[in-house]
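The chain contents come next:
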Amino acid sequence: MPNVPLIVFTDLDATLLDHETYDWQPAKPVLDRLTDANVPVILTSSKTAAEITQLRDAMGLSACPAICENGAGLVPPGQGALPSPDAYRRLRRILDSLPVGLRDDYTGFGDMDVDGVAEATGLPRAEAALAAQRAFTEPGLWRGDTAELTAFLSALAAHGVSAREGGRFLTLGFGRRKVDAMKEVLTRYGNPPSIALGDAPNDQEMIEAATHGVIIPNPHRAPLPPLDGEAEGRVVREQTAGPAGWAQAVSALADRYL
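Rules used throughout
- Residues numbered from 1 in each chain as written.
- Predicted model: local features only at pLDDT ≥ 70, side-chain atom pairs only at ≥ 80, totals over all residues.
- Heavy atoms only, no water.
- Helix = DSSP H or I, 4+ residues; strand = E, 2+ residues; numbered from the N terminus.
- Buried < 20%, exposed > 50% of the residue type's maximum accessible area, 1.4 Å probe, protein only.
- Contact = heavy atoms within 4.5 Å.
- Areas by Shrake-Rupley, 256 points an atom, 1.4 Å probe, with all protein chains shown as cover.
- Lys, Arg positive; Asp, Glu negative; His and termini not counted.
- Charge placed at Lys NZ, Arg CZ, Asp CG, Glu CD.
- Salt bridge = Lys/Arg side-chain N within 4 Å of Asp/Glu carboxyl O.
- Core = buried A, V, L, I, M, F, W, Y, C linked by side-chain atoms within 4.5 Å.
- Pairing = 2+ DSSP bridges.
- Axes fitted to C-alpha atoms, helices over the stretch in contact; angles between N-to-C directions.
- Polar contact = N/O pair within 3.5 Å; in protein donor to acceptor, adjacent residues only side chain to side chain.

**Points about the overall build of the chain**
Per the secondary structure count, the chain includes 10 helices and 11 strands. For the chain, the residues scored as buried account for 50% of the 258 residues in total. Contacts in the chain between residues far apart in sequence, at least 24 positions, make up 65% of those at least 6 positions apart. Entry remark: accessible area of the chain is about 11100 Å², with carbon and sulfur atoms responsible for 53%. Taking the 23 positively charged and 34 negatively charged side chains of the chain as two groups, their mean positions are separated by 5 Å.

Shown next as structure tokens:
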């Protein structure tokens, strides 16, 4: 990978994408500025490789790698093949092996048809079909109480499966996080200064690990707790939600490097 002046890692839903509409156009001028300045923008999301590739192309970021399924996989630049779904198939076998009383409170994407995924996500049907193309992790909806959730997570942990809350869903996987994939990408680029932006608990480690972390407010969820680096100003809280807030924060930080 070539040396670059700066690298940006960004969550998508409720960060670079509007929480309700999934629109990213308010951030387009800043994205274009970064591309012109040879600054990679690494889309870092719970979304699948199939979803993220389409968004990456639409945003003009196809020359950049991307991080899919909460850090479980990397999507190479360009039109590469989609990852093998072997890890996802193993995860589904583990989920379906749980006792019925625990299993029934969790409805994963693999338990839904495309119309169900569309309803759960608010995505159009064609985009929901891409969201259903899992390779590593399983997002789902939890309907049980706190005690039942504790038992559910304990049963999964016995099989090496962990869960992360992000946006609307409880996502199951084998433990690789966004920050793990972020560090791998940083190494490939020679560890330049970095900006990381997100709104949810599954973004916390990524935000804390960056040179500059930005918490994007999401009025649809409780705010993140104080993060490492926030007291000294290395991590900041943007006041404007969604792509407009993203653009303000990234533009101000990029001014230090470009």
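**A few points about the pattern of salt bridges**
Following the criterion strictly, the structure yields 20 salt bridges and no others. For Arg134, the salt bridge goes to Glu69, with nearest N and O atoms at 3.7 Å. Taken as a pair, Arg134 in the loop between helix H6 (125-131) and strand E6 (138-142) and Glu69 in the loop between strand E3 (66-68) and strand E4 (73-75) lie far apart in primary sequence, 65 residues in all. Summarising the burial analysis for this pair, Arg134 and Glu69 share the class buried. Residue Asp203 pairs with Lys178 through a salt bridge whose shortest N-O separation is 2.5 Å. In this pair, Asp203 is assigned in the loop between strand E9 (194-198) and helix H9 (204-209) and Lys178 in helix H8 (residues 178-188), connecting sequence segments 25 residues apart. Connected through salt bridges with shared partners, the residues Arg92, Asp96, Arg103, Asp111 and Glu138 form a single ionic network.

**Let's talk about the nonpolar core**
Counting 44 residues, the largest nonpolar core has Leu34, Leu43, Met59, Leu197 and Trp246 as the members making the most contacts within it. Elements with a contribution of two residues or more to this core: helix H1 (28-36), strand E2 (41-43), helix H2 (49-58), E3, helix H5 (114-121), H6, E9 and helix H10 (242-254). The element that contributes the greatest number of residues to this core is H10, accounting for six residues. Discounting residues that sit within four places of it in the chain, Leu43 has contacts with Thr10, Leu12, Leu16, Ile52, Leu55, Arg56, Met59, Leu61, Pro65, Ala66 and Ile67. Of all hydrophobic cores here, the second largest spans 14 residues; its members include Ile67, Ala181, Leu186 and Tyr189.

**A closer look at the sheet that holds E9**
Across the sheet, which stays open at both edges, the five strands sit in the order E2-E1-E9-E10-E11 with parallel pairing between neighbours. Two strands close off the open sheet at either side, each with one partner strand: E2 and strand E11 (235-237). The sheet shows a mean angle of 20 degrees between the axes of neighbouring strands, taken without regard to direction. Examined bridge by bridge, E9 and strand E10 (residues 212-215) share four bridges and lie parallel to one another. Among the inter-strand pairings, Gly198 is bridged to a residue of E10, identified as Ile215.

**Here's the deal with the environment of Leu197**
Tracing the backbone through its elements, the reader meets Leu197 in strand E9. Assessed through its relative accessible area of 0%, Leu197 is described here as buried. Through-space distance from the C-alpha of Leu197 to that of Phe136 is 23 Å; in sequence the pair is 61 residues apart. The residues touching Leu197, leaving out its near neighbours within four places in the chain, are Val8, Phe9, Thr10, Asp11, Thr15, Met206, Ile207, Val214, Ile216, Trp246, Ala249 and Val250.

**Structural notes on the side chain of Glu138**
Within the secondary structure layout, Glu138 lies in strand E6. A distance of 2.9 Å separates a polar side-chain atom of Glu138 from the backbone nitrogen of Gly110. Setting aside residues up to four positions removed in sequence, Glu138 forms contacts with Tyr88, Leu91, Arg92, Leu95, Tyr106, Gly108, Phe109, Gly110, Asp111, Leu170, Thr171 and Leu172.

**A short note on the pairing of strand E8 (residues 169-173)**
Taking burial as the measure, the five residues of E8 include five buried ones, the bulk of the element. Residue alternation in E8 divides its side chains into two sets, Phe169, Thr171 and Gly173 and Leu170 and Leu172, and both sets are buried.

**Some points on unusual backbone geometry**
Unlike most non-glycine residues, Tyr22 shows phi in positive territory, near 65 degrees. Relative to the helices and strands, Tyr22 is located in the loop between strand E1 (7-10) and H1. The phi torsion at Glu69 lies on the positive side, around 50 degrees, for a residue other than glycine. Given a relative accessible area of 1%, Glu69 falls into the buried group.

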